[in-house]
Amino acid sequence: MAAKEPEGAGATVMHVRCPDRLPEETYRQVLDQLAGLSPVVQALPPSAALVELKGALRYHGTDARHLGEVLRVRTLSRLGVDVRVGIGPTVTVAATASAQITGPGGVLAVDLDQVTSWVGPLPVDALYGIGPRQAAALRDYGIHTVGMLATVQPATVQRLLGGRAGRLAADRARGIDPRPVTPRTLPASATTRCAFPRHTLDGTAVRAALLDLLVHLGQLLRGRGQAARALRLTLHFAGGTTWETSCRLPEASAHDEDLRTLAYRLMDTAGLQRGRLTALALKGEDLVDADQVAQQISLDTAREARLVAEAVSDRVRDKFGPGVIGPATTFRRAS
């Protein structure tokens, strides 16, 4: 008689999701608990993480579901956090599984042989990486479940969702997701700063300096593979006083256009009159992995063109240096 396969056999990726957004220190403690199970942990702040289980299963001599239960006991008893643990053969399956857990916490392990039968009946917006607008576009076409999405020709999905987003959605509905778990502890924020050589009252110079900061911030985030959910602007005045404000973006982003819109609005709220500025700081906060940001459908051809130009600019800066290309306003300021 053949031995029974352990639950979660063939499932080597764990997606851990906290039911609520955690304080940074508590989130880091959860990551420490994950590191106690496996050395390969990828932080997905502010409340999720990925864990590679291949080596951990051999080391601990147990199955994937049991490791998930061990993790729940540890985080609940030591931190008071009851996590949701999804386990599967790919990042997509594991993350989709963790999102299907109801209640404050639990463990759901999907075996390699169960993927098609388990994920097929799920509504299309339950598939990890499918955003609300993408799901709406698919439903309008008559695609209501992940199983239905898997039967549609990839070229059709690409026409519905756009090239890259459609290709990824079609692949992941079929269980194709070669992404590895990449060890990563993401910094909680990214900051760019500038100081004025002289106290300045010139609103145009201040606005140009802010534009330069947000362009560098966007490049920094994109280079790290991150996106910001919020921006914080700090103004430093002569005499040592400071003024600070922050606001959340409508959607997490690392694109110059989105950062510029919010950064200018933050600057406008300062109501600068005759304040003599000495320095500016722009910080991207509540950072998330860029892979977590759904690629939303856009019919704005001008925006799409700007995003293409942004990507080209990044490649130019990577090859020739950060100061070789940028908005004309910032170059006039530099001269």
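All figures in this text were calculated on a predicted structure; none of them were measured in a lab.

S.K.: I keep staring at the overall build of the protein and nothing clicks. Help me out?
M.R.: Scanning the protein from terminus to terminus reveals 13 helices and nine strands. Residues counted as buried form 45% of the 335 residues belonging to the protein. Considering only contacts within the protein whose residues lie at least 6 apart along the sequence, 67% involve residues at least 24 apart. Accessible surface, the protein: about 16800 Å² in total, of which carbon and sulfur atoms supply 52%.

S.K.: Honestly, the sheet that holds strand 7 (residues 226–237) in this entry has me stumped. Any pointers?
M.R.: Adjacent strands of a sheet pair through backbone hydrogen bonds, lying either parallel or antiparallel. Taken in spatial order, the four strands make up an open sheet running 6-9-7-8, and their pairing is antiparallel. The sheet is open, and its two edges are formed by strand 6 (189–200) and strand 8 (242–253), each paired on a single side. Adjacent strand axes in the sheet meet at a mean angle of 15°, parallel and antiparallel pairs treated alike. Inspection of the sheet shows strand 7 paired to strand 8 by eight bridges, in the antiparallel sense.

S.K.: How do you make sense of the nonpolar core when you look at a structure like this?
M.R.: The nonpolar side chains of soluble globular proteins are, as a tendency, buried together. Ranked by size, the top nonpolar core spans 30 residues in total, and within it Leu210, Leu214, Leu235, Leu280 and Leu282 carry the most contacts. The element best represented in this core is helix 10 (residues 203–224), accounting for nine residues. Apart from residues no more than four positions distant in its own chain, Leu280 is found in contact with Thr192, Arg193, Cys194, Phe196, Val206, Ala209, Leu210, Leu213, Thr234, Leu235 and Met267. In this structure, Ala11, Tyr27, Val30 and Val83 belong to the second largest nonpolar core, which totals 26 residues.

S.K.: Looking at this model, I keep getting lost on the pairing of strand 2 (residues 41–44). Mind explaining?
M.R.: Consecutive side chains along a regular strand alternate between the two faces of the sheet. Side chains Val41 and Ala43 of strand 2 all project onto a buried face; the interleaved residues Gln42 and Leu44 project onto the opposite face, where all are buried too. Relative to strand 3 (residues 48–52), strand 2 is paired through four bridges, and the arrangement is antiparallel. Looking at the pairing, Ala43 lines up with Ala49 of strand 3. Linkage of strand 2 to strand 3, two consecutive antiparallel strands, is achieved through a turn of three residues.

S.K.: Got a minute to help me understand helix 4 (residues 91–99) in this structure?
M.R.: Taking burial as the measure, the nine residues of helix 4 include eight buried ones, the bulk of the element. Buried residues along helix 4 sit in contact with strand 1 (13–17), strand 3, strand 4 (84–88), strand 5 (106–109), helix 5 (115–119) and helix 9 (163–173).

S.K.: Would you take a moment to explain the sheet that holds strand 4 for this structure?
M.R.: Sheet architecture is open: five strands sit in the order 2-3-1-4-5, paired in mixed fashion. The outermost strands of the open sheet, each flanked by one partner alone, are strand 2 and strand 5. Averaged over neighbouring strand pairs, the angle between their axes works out to 15° when direction is ignored. Where strand 4 meets strand 5, four bridges bridge the pair, whose relative direction is parallel. In the strand pairing of strand 5, Val85 is matched with Val107. On top of the sheet, helix 3 (residues 64–79) reaches strand 1, strand 4 and strand 5; it is set at about 165° to strand 5, its chief contact.

About the criteria used
Residues numbered from 1 in each chain as written. Predicted model: local features only at pLDDT ≥ 70, side-chain atom pairs only at ≥ 80, totals over all residues. Heavy atoms only, no water. Helix = DSSP H or I, 4+ residues; strand = E, 2+ residues; numbered from the N terminus. Buried < 20%, exposed > 50% of the residue type's maximum accessible area, 1.4 Å probe, protein only. Contact = heavy atoms within 4.5 Å. Areas by Shrake-Rupley, 256 points an atom, 1.4 Å probe, with all protein chains shown as cover. Pairing = 2+ DSSP bridges. Axes fitted to C-alpha atoms, helices over the stretch in contact; angles between N-to-C directions. Core = buried A, V, L, I, M, F, W, Y, C linked by side-chain atoms within 4.5 Å.

Without other data, these values stay purely geometric and don't point to any function.
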